[in-house]
Amino acid sequence: MEGTAFLIVLLGLAIGSFLNAVIYRLDQIDTLLTERSRCPRCKKKLSWWELIPILSYLLLRGKCYGCKKPISIQYPLVEITTALFFYLTYVYFGLTVHAAFLVFMGCLLLVTAFYDLNRLLVPYETLVPAIVVGASYWITRALLNTTTTRAAAGLDLLLTYGLGALVGAAALGALVLLGRRRWMGEGDVVVALAMGLFVGFPAIIVALFSAFVLGSLASTFLIAFKSAKMKDAIPFAPFLVLGTFIALFWADPIIHWYVTLTF
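Residues numbered from 1 in each chain as written. Predicted model: local features only at pLDDT ≥ 70, side-chain atom pairs only at ≥ 80, totals over all residues. Heavy atoms only, no water.

Participant: Honestly, the overall build of the protein in this entry has me stumped. Any pointers?
Facilitator: Helix and strand counts for the protein come out as 9 helices and 0 strands. Taken from the N to the C terminus, the helices and strands of the protein come in the order α-α-α-α-α-α-α-α-α. By principal-axis analysis of the C-alpha atoms, the protein measures approximately 65 × 45 × 35 Å. Taken over 263 residues, the protein has a buried fraction of 41%. The contacts in the protein between residues at least 6 apart in sequence include a share of 66% that link residues at least 24 apart. (Helix = DSSP H or I, 4+ residues; strand = E, 2+ residues; numbered from the N terminus. Buried < 20%, exposed > 50% of the residue type's maximum accessible area, 1.4 Å probe, protein only. Contact = heavy atoms within 4.5 Å.)

Participant: Help me understand the packing of aromatic side chains, please; the structure alone is not making it clear to me.
Facilitator: Two aromatic rings, taken as a pair, are described by how far apart their centres are and by the angle between their planes. Taken as a whole and assessed by the stated rule, the structure comprises 12 aromatic pairs. Here the aromatic rings of Tyr 92 and Phe 249 are separated by 5.3 Å at their centres, their planes lie at 45°, and the arrangement is tilted. Note that Tyr 92 is positioned in helix H3 (residues 74-93) and Phe 249 in helix H9 (residues 237-262), a separation of 157 residues in sequence. According to the relative accessible area criterion, Tyr 92 is partly exposed, its value standing at 40%. Taken together, the aromatic side chains of Phe 85, Phe 86, Tyr 92, Phe 198, Phe 245, Phe 249 and Trp 250 make up a single cluster linked through ring pairs. (Phe/Tyr/Trp six-rings, centres within 6.5 Å; stacked < 30°, edge-to-face > 60°.)

Participant: Is there a simple way to think about the packing of helix H4 (residues 97-119) against H9 in this case?
Facilitator: Between two packed helices, the angle of one axis relative to the other and the distance separating the axes together describe the packing. One way to put it is that H4 packs onto H9 with a least axis distance of 7 Å and a crossing angle of 155°. With respect to H9, the axis of H4 lies roughly antiparallel. Of the two possible hands of crossing, H4 and H9 adopt the one that is left-handed. Along the contact surface, H4 presents Leu 102, Gly 106, Leu 109, Leu 110, Thr 112, Ala 113, Asp 116 and Leu 117, while H9 presents Ala 237, Pro 238, Val 241, Thr 244, Phe 245 and Leu 248. Tallied by class, the residues present in the contact of H4 with H9 amount to 10 nonpolar, 3 polar and 1 charged. (Axes fitted to C-alpha atoms, helices over the stretch in contact; angles between N-to-C directions. Parallel < 35°, antiparallel > 145°, perpendicular 65-115°, else oblique. Left-handed = near helix turned anticlockwise from the far one by under 90°. Nonpolar A, V, L, I, M, F, W, Y, C, P; charged D, E, K, R; others polar.)

Participant: It is not clear to me how the pattern of salt bridges should be interpreted in this structure. Could you clarify?
Facilitator: All chains considered together, the criterion is met by 1 salt bridge. In this structure, the salt-bridge partner of Arg 119 is Asp 27, at a minimum N-O distance of 2.2 Å. Residue Arg 119 is found in helix H4, and its partner Asp 27 is found in the loop between helix H1 (3-25) and helix H2 (55-59); the two are separated by 92 residues along the sequence. (Salt bridge = Lys/Arg side-chain N within 4 Å of Asp/Glu carboxyl O.)

Participant: I'm lost on the packing of helix H7 (residues 186-199) against helix H8 (residues 203-224) in this one. Help?
Facilitator: Taken N-terminus to C-terminus, the directions of H7 and H8 make an angle of 135°; their axes are 9 Å apart at the nearest point. Between H7 and H8, the angle falls in the class oblique. The handedness of the crossing between H7 and H8 is right-handed. Seen from H7, the contacting residues are Ala 192, Met 195, Gly 196 and Val 199; seen from H8, they are Ala 203, Ile 204, Ala 207 and Leu 208.

Participant: How do you make sense of the side chain of Asn 20 when you look at a structure like this?
Facilitator: Examined against the element boundaries, Asn 20 turns out to sit in helix H1. The buried category is assigned to Asn 20, whose relative accessible area is 2%. Contacts of Asn 20, omitting those with residues within four sequence positions, involve Gln 74, Tyr 75, Val 78 and Glu 79.

Participant: Explain the nonpolar core to me, please; I cannot follow it from the model alone.
Facilitator: One broad rule of soluble globular proteins: the nonpolar side chains tend to lie buried together. Judged by nonpolar contacts, the single largest core of 61 residues is most densely connected at Met 195, Phe 198 and Leu 240. Looking at this core element by element, the count peaks at 12 residues for H4. (Core = buried A, V, L, I, M, F, W, Y, C linked by side-chain atoms within 4.5 Å.)

Participant: For this particular structure, what's the right way to read H4?
Facilitator: Owing to its 3.6 residues per turn, the α-helix aligns residues three or four sequence positions apart on the same side. End to end, H4 covers 33 Å across 23 residues, agreeing with the expected 33 Å (1.5 Å per residue, within 8%). Following H4 by one or two positions, Leu 120 adopts a phi angle in the positive range, close to 55°. (Expected span 1.5 Å × (residues − 1).)

Participant: I would appreciate a short explanation of a nonpolar patch on the surface in the present structure.
Facilitator: A contiguous nonpolar surface patch, about 490 Å² in accessible area, is contributed by Ile 139, Leu 143, Leu 155, Leu 158 and Leu 159. Among the secondary structure elements, those contributing two or more residues to the nonpolar patch are helix H5 (124-144) and helix H6 (148-178). Considering each element in turn, the nonpolar patch owes the most residues, 3 residues, to H6. Positionally, Leu 158 belongs in helix H6. (Patch = residues over 30% accessible without salt bridge, like charges linked within 9 Å, V, L, I, M, F, W, Y side chains within 5 Å. Areas by Shrake-Rupley, 256 points an atom, 1.4 Å probe, with all protein chains shown as cover.)

Participant: What should I look at first to understand H5 in this one?
Facilitator: Over its 21 residues, H5 runs 30 Å from end to end, which matches the ideal 30 Å to within 8%, given 1.5 Å per residue. Those residues of H5 that sit buried are Thr 126, Leu 127, Ala 130, Ile 131, Gly 134, Tyr 137, Trp 138 and Ala 142. Buried residues of H5, viewed axially, fall in a sector of 135°; they line one side. Every exposed residue of H5 that faces more than 90 degrees away from the buried side is listed here: Leu 143 and Leu 144. (Arc of directions from axis to C-beta.)

Participant: How should I be thinking about unusual backbone geometry in this particular structure?
Facilitator: Glycine aside, residues mostly have negative phi angles, and peptide bonds mostly take the trans form. Following Phe 201, the chain continues to Pro 202 via a peptide bond in cis, the omega torsion being 10°. Structurally, the position occupied by Pro 202 is in the loop between H7 and H8. Not every positive phi belongs to a glycine, and Arg 61 is a case in point at roughly 55°. With respect to the helices, strands and loops of the structure, Arg 61 is situated in the loop between H2 and H3.

Taken by themselves, the reported measurements are silent on function.
Below is the structure:
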C-alpha cells in the first residue's frame, strides 16, 4: 500500500473511533468534546491507550480493562468500516473536493446506520445535515458552471442528484404507505432522500435493490437460526447505507452487467 493510501486508512480508523463516540453520545452531543470516553458498563474513564483504534480492542481481548465485561464488537467494526470507506473513496475519487464531500456524507450515513442498529431509531440529527449539505453541494456545483457549455453540465448534475433523491424518497414512501408503517417507518424515507443526494440516479436504484436483497438475506438468516421472529422489527437503515456504498463504488459495472444479461 502506498504511503498516501496508508495515511488515508489511518485517518479512517481515527475518524471511525470518533464516530463510535458520536453514535454512543448522539443524544448528549454537547458532551462529545467536553467529557472523556467511559466504559458504558462500569463508567470507568478510558485511558489514551484504551482508545487506539483496533489495537486497543485486540490488546484488551475485547474486554474492559476495569470491569472485564465484553466490549461491543461494534467499536472495531465501525473503525474498520470507516477505514475501508476512506480507502475506497481515495482509490475511486482521489484527493479531491468531491471526495471530501463523499467522506463527510458517508460518515453521517455510517452514524445513522449504527444508531438505528442499536436503537431501532433513525436519527434526524445526522440526516438533516446530510440532506442540507448534499443539496447545497450540488446547487453550488451547478452555479459554478457559468459558461453556456458548462451550464448544461451543471443542470445535468441537478437533474441527476435531484432525481436520485426523488426516486429514493418516493420508492420508500410508497412502501410506507402501502404497508401502513408495518414494513418500515418514515425515517427510512428520509434516509433514502439522503442516499439519492449521495449517489444520484440511476445509482439509487442499485442502492435500493442491494439494500432489499441484503436485508432479505439477513432476515432469513436470523429467522432460520432463531435469532429473530417474523414479527420482530429489524433495522433497515444499515442495509440502506450498505447498499448506498455498494452503489457509490460499483453502480456502473452492476448496471452494465444487468443490461448485458437482460438484453
